[in-house]
Amino acid sequence: MFRQPAILTLLEGIPYPSMILDSSFRIVTMNRLMVAATGYEADRVKGVHGELVVRSNVGNSRGQLYSQVIRTGEAVSVSGDILNGYRHKVPVQYHISPLANGKNGTAGLLVIAENVPSGKGDNGGDSVAGAPPELIGHSPKMQKVLDLIPLMAHTDASVLITGETGTGKDKIAEIIHKKSARARFPFIKVNCGALPLGLLESELFGHVKGAFTGASRNKPGMFKIADRGTLFLTEIGDMPMPLQVKLLSVLDDRQFVPVGGEHSVSVDVRIIAATHRPLREQVRNNTFREDLYYRLNVLHVHLPPLRERENDTRMLLDHFLEKYTRALGKTVTGFTPSALQTLLSYHFPGNVRELQNIVEYAVNICKGKKINKEQLPPYIFEKQPEAVAPAQPPVTVASEPDEKQQPSNPPAVDNGNGSSWSSIERQMIVDALKKNGGNRINTAADLGWGRMKLWRKMKKYGLLG
Amino acid sequence: MRKLLIPLQGDFIAPRFDLATEILIVRFEDGEILGEPRTIIMERPSDEGLCQMIVEENITDLVCGGIEELHYNFLAWKKVAIHDAVIGSWQDAVKKVLSGNLESGTILPSSVNSVLTL
């Protein structure tokens, strides 16, 4: 009934993780995206019950949906999630369709796990008309960036996004992907500065079983998972030199060899890279390869810092106020004139991210209808350093301007003086731990949390020794 | 003495840690099972509740299907030996653990080409 090569060709044409099951719900075959999603090679799971491999939650009624489709002969589509090979829960729309056997019967099922963006349907309020959700800005500099997005979306050329921390580089990358022809394929983000060399190489290019201690199974790298989609390499300026060579080779040849592997893998991936570092300077200092720099810098977009975005600050304040008021179930309606004045005259070294955190802090603290000066983080009243505003390059496409990039700004949100909501929470945990002599059970009880929640928070704030 | 916990779904290792409501606990030493394996039915599926149980029961080994990274890291931090992404019957899994050669991602032979009712 199932002719493997024909089925496989059909499945590979589906831009989502997909598999064919026989009438007993055992896997006949699955496409590469399903291999990437589950972490199991197709040959190994042939004959295994589909749900044991896909690990979906669909109504916690495993097998029943499959039976229903076989019984009724009608396709069903339900939303749910699957637990992928990277131990991440991924929201999906689960489509199960019957495959007829030509004798009024059903020979098997086609199962498609359509990726659903996690933020779907949760568009922020007042984004600019025509602009993608959550991208807010009317200032001329932001308008130039917005104008570039369609141009960048209609090509497969590499894009380099620069800008200070907190200016929205990730968001722009995601929007370019969503507006491109690759939108139905994966958008994979890898932070090149977060992992040591060996791990990053394995993360990007995958490894084969036995490649190193602990490599107990084949793992497809992010390049493979992003096949036909977009790979977003953030903090590219922090990528170790040896990996830069391998990345350049992939960009040139569109193929690579997984760690410990013998055969090269071909991929069709668009690269978007981002950094807050002055890459040209790094090239001069021999910490970033010149050839890779030019390979990535085909299209370039520079995101202006918030202090250069004129009236956008006010719009962003209102946007985040509404967002957090709704999220926290509060009834805050605005800022008092003096609080607003303080915020508008603050220069936000951490840009939009810092502004967002300040509003989140204020909404949390505020008990009345309007946020007043006392409810703003104290650090913003301290004497601010002279605004460091180097001449920013104009936004360009196809070539990078004379790049005197922004200085490496300190991470925005917290100046270390305990001012953001996060730092208050962190301090709260530290104090409770001190009070309880480090006993986590008592600390959790003190804070009114479960032990897992305390552990999660401690992990978040780097308090686990 | 070591203590093995396996979230179950029927005769199989539950495909998801967070959705399992039936738990098997096996005490063993030197490749031999000690006493009778114990089965616990949970009131409702709860990954955090399961983590709590693993800590309170002093479980040393966990065999499961899919488990979220957060819980995996928590249990690894609690020094539980975790074999995840394992597919197959719990009997086969117990045998493999007793013989000390179960690895994460293993597909046990019992799961292939058998008609299952999950």
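Higher on the page you've got the structure.
Residues numbered from 1 in each chain as written. Chains lettered and ligands numbered in written order. Predicted model: local features only at pLDDT ≥ 70, side-chain atom pairs only at ≥ 80, totals over all residues. Heavy atoms only, no water.

Draft legend 1. Expanded view of the packing of aromatic side chains. Applying the stated criterion across every chain, the model contains 12 aromatic pairs over all chains. Aromatic pair Y293 of chain A and Y294 of chain A: ring centres 5.1 Å apart, planes at 70°, arrangement edge-to-face. The class of Y294 of chain A is partly exposed, set by a relative accessible area of 46%. On the basis of an interplanar angle of 40° and a centroid distance of 5.8 Å, the ring pair of W455 of chain A and W77 of chain B is categorised as tilted. Of the two residues, W455 of chain A sits in helix 17 (residues 451-460) while W77 of chain B sits in helix 2 (residues 69-77), which places them in two different chains. W455 of chain A sits in the buried class, given a relative accessible area of 3%. When the ring centre of Y72 of chain B is taken as origin, the NZ or CZ atom of R87 of chain A, which lies over that ring, is 3.6 Å away. (Phe/Tyr/Trp six-rings, centres within 6.5 Å; stacked < 30°, edge-to-face > 60°. Buried < 20%, exposed > 50% of the residue type's maximum accessible area, 1.4 Å probe, protein only. Helix = DSSP H or I, 4+ residues; strand = E, 2+ residues; numbered from the N terminus. Lys NZ or Arg CZ within 6 Å of the ring centre and 35° of its normal.)

Draft legend 2. Looking closely at the nonpolar core. All names here are of chain A. In this structure, L204, F223, L231, L233 and I236 are the most contacted members of the largest nonpolar core, which totals 34 residues. Listing elements by their share of this core, those giving two or more residues are strand 7 (187-191), helix 7 (197-205), helix 8 (222-225), strand 10 (230-234), helix 9 (241-253), strand 13 (270-275), helix 10 (279-284) and helix 11 (290-296). In terms of residues, this core owes the most to one element, helix 9, which gives 5 residues. Apart from residues no more than four positions distant in its own chain, L233 is found in contact with V190, C192, L204, L247, I271, I272, A273 and A274. (Core = buried A, V, L, I, M, F, W, Y, C linked by side-chain atoms within 4.5 Å. Contact = heavy atoms within 4.5 Å.)

Draft legend 3. Main features of unusual backbone geometry. Here the phi dihedral of R55 of chain A falls at roughly 60°; this positive angle occurs in a residue that is not glycine. For R55 of chain A, the position within the fold is in the loop between helix 3 (50-54) and helix 4 (64-72). Unusually for a residue other than glycine, N58 of chain B sits at a positive phi of about 55°. Mapped onto the secondary structure, N58 of chain B falls in the loop between helix 1 (47-56) and strand 5 (61-63). Accessibility expressed as a relative area gives 57% for N58 of chain B, which makes it exposed.

The quantities given are spatial measurements derived from coordinates; they are silent on function.
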